[in-house]
Amino acid sequence: MKFLLKAWGPLLLTFALAVSPILLAQARAQIITNGGFETTTGWSYSGGSTRTQEGTIFLNPPAHSGSFYGTIATGGGTISQSITIPTAGTYQLSFYLAPQISLSIGFLNFSVQIGGVTYNLTYGITIVGLGGYNLYTLTVNLPAGVTNLVFTNLPGLLTAPLRLDDVSLVQIPGPVPGTSTISYLAVAFLILIMGRKKMRDWLRWFRSLSATGGS
């Protein structure tokens, strides 16, 4: 056991120091509350918009997942949520959207507002009837603090209530400040503990093990 600690202890320490910041950066929490509309929490509705259960009446088509979705009413209806951004950075907003029912072919217009920026988007209808869900993904830069996420059904030549489901907002992992410095310090610490001779012995042993494995 002592031999294993001497041989592998510094190496494991180096690995932990170098990799743990990266793992921490990738452990990003989901910021949206109730993104699937399965409960009554998180969202606010205006202009006739509402939380809808699939299949309760003939005109309630399926949710993307679960049993509920948000219906954004025509004529400027909105569904919104006040969200708290923990740290400034780049975030990925994704959601699924489909028309409630389409009676004509063309484009439905809607917008997404987040961080004070408005994104105008469209849903293209190619077949009359129930439209399938499209996945929309936006990459946005957000400051830390409270901001509003607002989905709006915009007027146009073609209008229809919109189904909104599975809304997600997560921070995109980026370079962790100081990671390279930590790695160099870890290697220096490893050399200091093991000494040059032990380092050479360890490298010789590793090469011989690799050669044995390759034969």
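Structural data are supplied above this passage.
A short tour of the structure in this document, coming up. From a predicted model like this one, the values you see are computed outputs, not experimental measurements.

**Digging into the overall build of the protein**
- Counting its secondary structure elements, the protein contains two helices and 10 strands.
- What you see in the protein, going N to C, is helices and strands ordered as α-β-β-β-β-β-β-β-β-β-β-α.
- Of the contacts formed within the protein by residues at least 6 apart in sequence, a portion of 76% connects residues at least 24 apart.
- On the protein, roughly 12,400 Å² of surface is accessible, and the fraction owed to carbon and sulfur atoms is 64%.

**Quick look at the environment of Tyr 69**
- Mapped onto the secondary structure, Tyr 69 falls in strand E3 (residues 68-72).
- Along the sequence, Tyr 69 and Gly 35 sit 34 residues apart, while their C-alpha atoms lie 9.1 Å from each other.
- Separated by 3.2 Å, the side chain of Tyr 69 and the backbone oxygen of Pro 61 make a polar contact.

**A short note on the pairing of E3**
- Burial runs high along E3: five of the five residues are buried.
- With burial as the criterion, each face of E3 is covered, one bearing Phe 68, Gly 70 and Ile 72 and the other bearing Tyr 69 and Thr 71.
- Relative to E3, strand E2 (residues 50-53) runs antiparallel, the two being bridged by four bridges. Bridging from a neighbouring strand, Gln 53 pairs with Phe 68 of E3.

**A few points about unusual backbone geometry**
- Positive phi, close to 60°, is recorded for Asn 34, a residue that is not glycine.
- Take Asn 34: it is sitting in the loop between helix H1 (2-26) and strand E1 (44-46).
- The backbone of Phe 37 shows a phi angle near 60°, a positive value even though the residue is not glycine.
- The class of Phe 37 is buried, set by a relative accessible area of 0%.

**Some words on the sheet that holds strand E10 (residues 162-171)**
- What the five strands build is an open sheet, ordered E2-E3-E10-E5-E8; its pairing is antiparallel. Of all strands in the sheet, those bounded by a partner on one side alone are E2 and strand E8 (134-142). Across this sheet, the average inter-strand angle for adjacent strands is 40°, counted without regard to direction.
- Pairing between strand E5 (residues 89-99) and E10: eight bridges, direction antiparallel. Within the sheet, the bridge partner assigned to Leu 93 lies in E10 and is Leu 169.

**As for the sheet that holds E1**
- In space, the five strands of this open sheet follow the order E1-E4-E9-E6-E7, with antiparallel pairing throughout. Strands with a single pairing partner mark the edges of an open sheet, and in this sheet they are E1 and strand E7 (117-125). Between one strand axis and the next, the sheet turns through 20° on average, direction left out of account.

**Looking at the packing of aromatic side chains**
- Applying the stated criterion to the full structure yields six aromatic pairs.
- Centre to centre, the rings of Trp 43 and Phe 151 are 6.4 Å apart; their planes meet at 55°, and the pair counts as tilted. Taken as a pair, Trp 43 in the loop between H1 and E1 and Phe 151 in strand E9 (residues 145-153) lie far apart in primary sequence, 108 residues in all.
- Taking the relative accessible area as the measure of exposure, Trp 43 reaches 7% and is therefore buried.
- On the accessibility criterion, Phe 151 (0% relative accessible area) is buried.
- Each ring, one from Phe 95 and one from Phe 110, has its centre 6.2 Å from the other, and the planes form 80°; the classification is edge-to-face. Residue Phe 95 is located in strand E5, and its partner Phe 110 is located in strand E6 (residues 106-114); the two are separated by 15 residues in the primary sequence. Neither residue differs from the other here; Phe 95 and Phe 110 are each classed as buried.
- Among the aromatic residues, ring-to-ring pairing joins Phe 37, Trp 43, Phe 95, Phe 110, Tyr 136 and Phe 151 into one connected group.
- The ring of Phe 68 has Arg 51 sitting right over it, with the charged end atom 3.7 Å from the ring centre.

Conventions we followed
- Residues numbered from 1 in each chain as written.
- Predicted model: local features only at pLDDT ≥ 70, side-chain atom pairs only at ≥ 80, totals over all residues.
- Heavy atoms only, no water.
- Helix = DSSP H or I, 4+ residues; strand = E, 2+ residues; numbered from the N terminus.
- Contact = heavy atoms within 4.5 Å.
- Areas by Shrake-Rupley, 256 points an atom, 1.4 Å probe, with all protein chains shown as cover.
- Polar contact = N/O pair within 3.5 Å; in protein donor to acceptor, adjacent residues only side chain to side chain.
- Buried < 20%, exposed > 50% of the residue type's maximum accessible area, 1.4 Å probe, protein only.
- Pairing = 2+ DSSP bridges.
- Axes fitted to C-alpha atoms, helices over the stretch in contact; angles between N-to-C directions.
- Phe/Tyr/Trp six-rings, centres within 6.5 Å; stacked < 30°, edge-to-face > 60°.
- Lys NZ or Arg CZ within 6 Å of the ring centre and 35° of its normal.

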